[in-house]
Amino acid sequence: MVSFYASGEVVALLLQRAGAIGAWRELLGPGDPAAARGYTDRHGRVRRPKAPRSVRARWGRDKQANAAHGSDSEEAAGREIRFVFGEGG
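The model shown is predicted, which means the values in this text are computed figures rather than measured ones.

Colleague: Quick rundown of the pattern of salt bridges? Include the residues and the values.
Modeller: Opposite charge on two side chains lets them pair, provided their charged atoms get close. For the structure on display, the rule yields two salt bridges. Arg-45 is the partner of Asp-41 in a salt bridge, and the nearest nitrogen-oxygen pair spans 2.9 Å. In this structure, Asp-41 engages Arg-47 in a salt bridge whose closest nitrogen and oxygen atoms are separated by 3.0 Å. Among the residues examined, Asp-41 registers a relative accessible area of 12% and is labelled buried. Each of Asp-41, Arg-45 and Arg-47 takes part in one network of salt bridges that share partners.

Cut-offs used in this document
- Residues numbered from 1 in each chain as written.
- Predicted model: local features only at pLDDT ≥ 70, side-chain atom pairs only at ≥ 80, totals over all residues.
- Heavy atoms only, no water.
- Salt bridge = Lys/Arg side-chain N within 4 Å of Asp/Glu carboxyl O.
- Buried < 20%, exposed > 50% of the residue type's maximum accessible area, 1.4 Å probe, protein only.

This is how it looks when you write it as structure tokens:
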């Protein structure tokens, strides 16, 4: 996974506001861009889009290259902020 994330350009943003984690994850949409866009499964069943205007529906390719990351908790956000931006975050 590290080699994938290091394979191209990255834009790192630190978003701060009340409820930032939930708001950002809502804008991101599901982790699987196909689920966000809607798709036909291998049995021919049509799966309705879950978030067709989300970041991942618009720009994600697949589950790994899903366009953007969002922390799932304050604890994870703290770790990830220190990792990306250093201790000063």
